[in-house]
Amino acid sequence: MGKKKASLSSRYKRFFLHETTALVAAGISVLLLPVIYFFGKASGAMDLVGLYDLMMRLTLIVTLYYSLKAHKLFLMQAATVGLLFCMLCTQSQYALGNLASRDSETYITMGLQGFIFLAGERMSLFIQSFVCVNHFVIHAARRQEAIRASVNQVSILFLLALVVVQLIIAPVLSFERAYILYIWTLHLDELFIFILVACAELILLIDQREYVGG
């Protein structure tokens, strides 16, 4: 059992510490931004707030990748917090605004997949809030930083799994096609952004453990 856990941990570290992982995650997330804008405009879901969010994502993704590449830890911390907060603002607007403004019968008529999708968006908002707040606490407090960082890593992995579920469910929802494509590409972008964040969180975790001598 110990060897199995060690093996899983080593594979996890190799994946998220590999330069290709960060490069692919950053590259795909940036390339998806104009696609999100296109489907957002086509479905009528994209406004100036959405456009501003995409521009912020672009800036923060590039900044975070640069900090990973150059191993600038303070910039990495700032870019990670900024990107997490940017994603949190978008998710709160979407889960508590866009989806909440639709009649509840819309989701009832969709059946189980509609309920799971709505619950998944709310759960995603909760986890993103936890990760974002915990990240602030990690670098504000000087106690148990490594433990909190490990909790954040697990939370991000759960968030990645949740986004994959939403990606699977989105195509079978009974929204208009352009809106479904907008939702799908938006969540796909989130998936790669959170992979990039996980890369940064792992590096920061290792740095915290070295700092406390663990």
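Rules behind the numbers
Residues numbered from 1 in each chain as written. Predicted model: local features only at pLDDT ≥ 70, side-chain atom pairs only at ≥ 80, totals over all residues. Heavy atoms only, no water. 1 Å grid on protein atoms, 1.4 Å probe; cavity = no way out; pocket = protein on both sides within 12 Å on 5 of 7 lines; lining within 4 Å. Points joined across faces, edges and corners; volume = space filled by probe spheres on them. Helix = DSSP H or I, 4+ residues; strand = E, 2+ residues; numbered from the N terminus. Nonpolar A, V, L, I, M, F, W, Y, C, P; charged D, E, K, R; others polar. Axes fitted to C-alpha atoms, helices over the stretch in contact; angles between N-to-C directions. Parallel < 35°, antiparallel > 145°, perpendicular 65-115°, else oblique. Left-handed = near helix turned anticlockwise from the far one by under 90°. Contact = heavy atoms within 4.5 Å. Phe/Tyr/Trp six-rings, centres within 6.5 Å; stacked < 30°, edge-to-face > 60°. Buried < 20%, exposed > 50% of the residue type's maximum accessible area, 1.4 Å probe, protein only.

Visitor: How should the layout of surface pockets be read in this particular structure?
Guide: Where empty space is left can be seen by rolling a probe of water-molecule size over the atoms. Considered as a void within the structure, the largest pocket measures approximately 400 Å³ in volume. Every residue lining the largest pocket is counted, 21 residues in all, and those nearest its centre are Val49, Gly50, Asp53, Thr90 and Gln93. Mapped onto the lining of the largest pocket, the elements with two or more residues apiece are helix 3 (48-70), helix 4 (73-98) and helix 8 (177-212). Among the residues making up the lining of the largest pocket, the classes are represented as 14 nonpolar, five polar and two charged. Its boundaries defined by the atoms lining it, the second largest pocket holds a volume of some 170 Å³. Around the second largest pocket, the lining residues are Phe16, Leu17, His18, Glu19, Ala22, Tyr65, Leu68, Lys69, His71, Cys199 and Ile203. Contributions of two or more residues to the lining of the second largest pocket are made by helix 1 (2-17), helix 2 (19-43), helix 3 and helix 8. Classifying every residue of the lining of the second largest pocket gives seven nonpolar, two polar and two charged.

Visitor: Whenever I open this one, the packing of helix 3 against helix 4 confuses me. Can you help?
Guide: What describes two packed helices is the angle between their axes and the distance between those same axes. Closest axis-to-axis distance for the helix 3/helix 4 pair is 9 Å, and the angle between their directions is 155°. Taken as axis vectors, helix 3 and helix 4 run roughly antiparallel relative to one another. With respect to the hand of their crossing, helix 3 and helix 4 are arranged in left-handed fashion. In contact with Val49, Asp53, Met56, Arg57, Leu60, Ile61, Thr63, Leu64, Tyr66, Ser67 and Leu68 of helix 3, helix 4 contributes Leu75, Met76, Ala79, Thr80, Gly82, Leu83, Cys86, Met87, Thr90 and Gln93. Looking at side-chain class alone, the contact of helix 3 with helix 4 contains 13 nonpolar, six polar and two charged residues.

Visitor: When you look at the packing of aromatic side chains in this model, what are you seeing that I'm missing?
Guide: We describe a pair of aromatic rings using the distance from one ring centre to the other and the angle between the two ring planes. By the definition in use, this model includes four aromatic pairs. Judged by centre distance (6.2 Å) and plane angle (40°), the ring pair of tyrosine 179 and tyrosine 182 falls under tilted. You can see tyrosine 179 and its partner tyrosine 182 sitting in helix 8, three residues apart, about one turn around the helix. Considered together, tyrosine 179 and tyrosine 182 belong to a single accessibility category, that of buried residues. Taken together through their ring pairs, the aromatic side chains of Phe175, Tyr179 and Tyr182 make up a single cluster.

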